[in-house]
Amino acid sequence: MTTMTAKGSGKIENIKVLVRVRPPSEAELSHGGYRKAVHATEDGRGCYLTAPGAPQDQGPSKPAFSYDNVVDENTEQERVFELVGKPIADAFLEGYHSNLLAYGQTGAGKTYTMQGDGSNEGKGLLPRCLDYVFGALERKRQEHEQKDLAYSYSAECSHLEIYNEVIFDLLDEQGVGKQITVREDGRKGVKVDGCCREQVGGASEALEIFVRGCESRHVGQTAANRESSRSHSVFVLTVEQKFPDVETGLERRTNASFYLVDLAGSERQKHSEAVGQTLKEACGINKSLSTLGNVIKSLVDINEGRERHIPYRDSKLTFLLKNSFGGMSKCSFVANVSPSVSALEETLSTLKFAQRAKTVKNTSSVQEETIGSVQALQQELRRAKAELLRLQSEGCAAGDALGKVVENLDEESRNHLDKVRSLLASERDAHQEERGRLAAEVESLRGLAKKLETSLKSTKLVVRLREQNLERLQGKLPPAPAEFWREQGGAAIRENEELKVQ
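Note that the coordinates shown come from a computational prediction; the quantities given were computed from them, not determined experimentally.

## So, the packing of aromatic side chains
Right, on to step 1. One pass over the structure, following the stated rule, counts 9 aromatic pairs.
Right, on to step 2. Chaining the aromatic ring pairs together yields one cluster made of Tyr-103, Phe-333 and Phe-353.
Right, on to step 3. Directly above the ring of Phe-243 sits Lys-140, whose terminal nitrogen or CZ lies 5.9 Å from the centroid.
Right, on to step 4. Above the face of the Tyr-96 ring, Lys-330 is positioned so that its terminal group lies 4.7 Å from the ring centre.

Below, the structure is given as structure tokens:
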């Protein structure tokens, strides 16, 4: 069997960003004086903020922030999936590495957006994406069977968490969380080594693995959230598809990974009232999210033409998600915010972060291989050569047509064309002359190097003879015959003197 990689040209696309405004929490309503500060525009493409003390129905003439989509607190989970989950899942099924991330302050509704509340209507993005992906794979298998074409797929899952800047395997059988290493592959991007990967045959099995991993995830209680995530959760679904190419008869394979990431929420100590270990965890979370902000800022500066170092390696989170931001993956980003004016400072920070993330460009390509027998590949090669000959013949025809165009030029245009040709000819002659001069210098240096090498050998021989003579004078060696000095030593000394003169 012979294999050749065929990824195709990369597509340059911006990160897709959806902003979701959650309903007010019980704590926000119970404190009294609740005021809504975040408002979505009617077209669902932007949002604006209401300052404290301003009328609730007063909005700006244009949105303060623009995104791909903005949904308010009345939007259902299914609609969120249609806007952001389904497009990224379709890209994953086509063979693109894909990433779906939830970001926001602590208590903003990230976990609800990704996981849901357990009910069928309240299912989050992750279970809906799993249902959609495996449903599509099964439909593709049935369609190929109806056409008597071979098709198969295999899937595996892994579940990681980043806790205090250490990556743990949540599927570790010992239940203590095995530490994982991450490395960079020049062709496939960032790779995770040593984590458990379990084969799955459907959405229910994959969701069961995710739930099992969540049982080992670090969570805690703060004043801002009764079940606050104290780590970043990264669930990875990898699918390999095998199917024939109808035109060539070769087998095609796609192998792509789908990262579903629930980031821990940024938090301020005065709001979360974290102390002790919880405060330490908050510092680790804020450090990794701060590094993520620096990465995005550097990428934005690079897009604007400025030279910047991208600090991917300053945090385990940014290194693991390197493909998501400025890498080879398609990426969708859900920014979750609180509607309350009491969280206006954190909400404004999240909205600015999401706006910068929207300007980041990724270059994605299908992760595909074409596999077949030697005969099939040779046949494909003959077809490619025939296509090349056709294009060359068309190029010759175009050259003849160009010659006719030149013949029909007026005198002024011909004179201008002759000047260009003369300039190109003089440039070519100058380059040839410079090339000849450099070649002569190279030959001269080679000759000099050869002479120096010969001189070095002779000098070593003279030094060795003199060392032997000193040893004889000290009585360690018997005296050498006069004939030896006449034939060997004298000849070497004379040769060395001649080389010195040269």
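Additional details are given in the paragraphs that follow.
## Some remarks on the packing of helix H2 (residues 77–94) against helix H4 (residues 125–146)
Right, on to step 1. Contact geometry for H2 and H4: axes closest at 9 Å, N-to-C directions at 45°. By the angle between their axes, H2 is oblique relative to H4. The element H2 and its partner H4 pack so that their crossing is right-handed. Side by side, H2 and H4 meet where Gln-77, Glu-78, Val-80, Phe-81, Val-84, Gly-85, Lys-86, Ala-89, Asp-90, Phe-92 and Leu-93 of the first sit next to Leu-125, Arg-128, Cys-129, Tyr-132, Val-133, Ala-136, Leu-137 and Lys-140 of the second.
Right, on to step 2. Taken together, the residues of the contact of H2 with H4 sort by class into 12 nonpolar, 2 polar and 5 charged.

## Focus on the pairing of strand S20 (residues 361–364)
A regular strand carries its side chains on alternate faces of the sheet.
Right, on to step 1. Of the two faces of S20, only one is covered, namely that formed by Asn-362 and Ser-364; the face formed by Lys-361 and Thr-363 stays uncovered.
Right, on to step 2. When strand S2 (residues 11–14) meets S20, the two strands line up antiparallel, connected through 4 bridges. Residue pairing in the sheet places Asn-14 in a bridge with Lys-361 of S20.

## Quick look at the pairing of strand S19 (residues 330–337)
Right, on to step 1. Among the 8 residues that make up S19, 8 are buried, leaving the element largely enclosed by the rest of the structure.
Right, on to step 2. Both faces of S19 are covered, namely the face carrying Lys-330, Ser-332, Val-334 and Asn-336 and the face carrying Cys-331, Phe-333, Ala-335 and Val-337.
Right, on to step 3. Pairing between strand S3 (residues 16–21) and S19: 6 bridges, direction parallel. Directly across from Lys-16, in S19, lies its bridge partner Ser-332.
Right, on to step 4. Two strands pair when backbone bridges link them, and strand S8 (residues 98–104) and S19 are joined in this way by 7 bridges, in the parallel orientation. Across the sheet, Leu-100 pairs through a bridge with Ser-332, a residue of S19.

What counts, and at which threshold
Residues numbered from 1 in each chain as written. Predicted model: local features only at pLDDT ≥ 70, side-chain atom pairs only at ≥ 80, totals over all residues. Heavy atoms only, no water. Phe/Tyr/Trp six-rings, centres within 6.5 Å; stacked < 30°, edge-to-face > 60°. Lys NZ or Arg CZ within 6 Å of the ring centre and 35° of its normal. Axes fitted to C-alpha atoms, helices over the stretch in contact; angles between N-to-C directions. Helix = DSSP H or I, 4+ residues; strand = E, 2+ residues; numbered from the N terminus. Parallel < 35°, antiparallel > 145°, perpendicular 65-115°, else oblique. Left-handed = near helix turned anticlockwise from the far one by under 90°. Contact = heavy atoms within 4.5 Å. Nonpolar A, V, L, I, M, F, W, Y, C, P; charged D, E, K, R; others polar. Buried < 20%, exposed > 50% of the residue type's maximum accessible area, 1.4 Å probe, protein only. Pairing = 2+ DSSP bridges.

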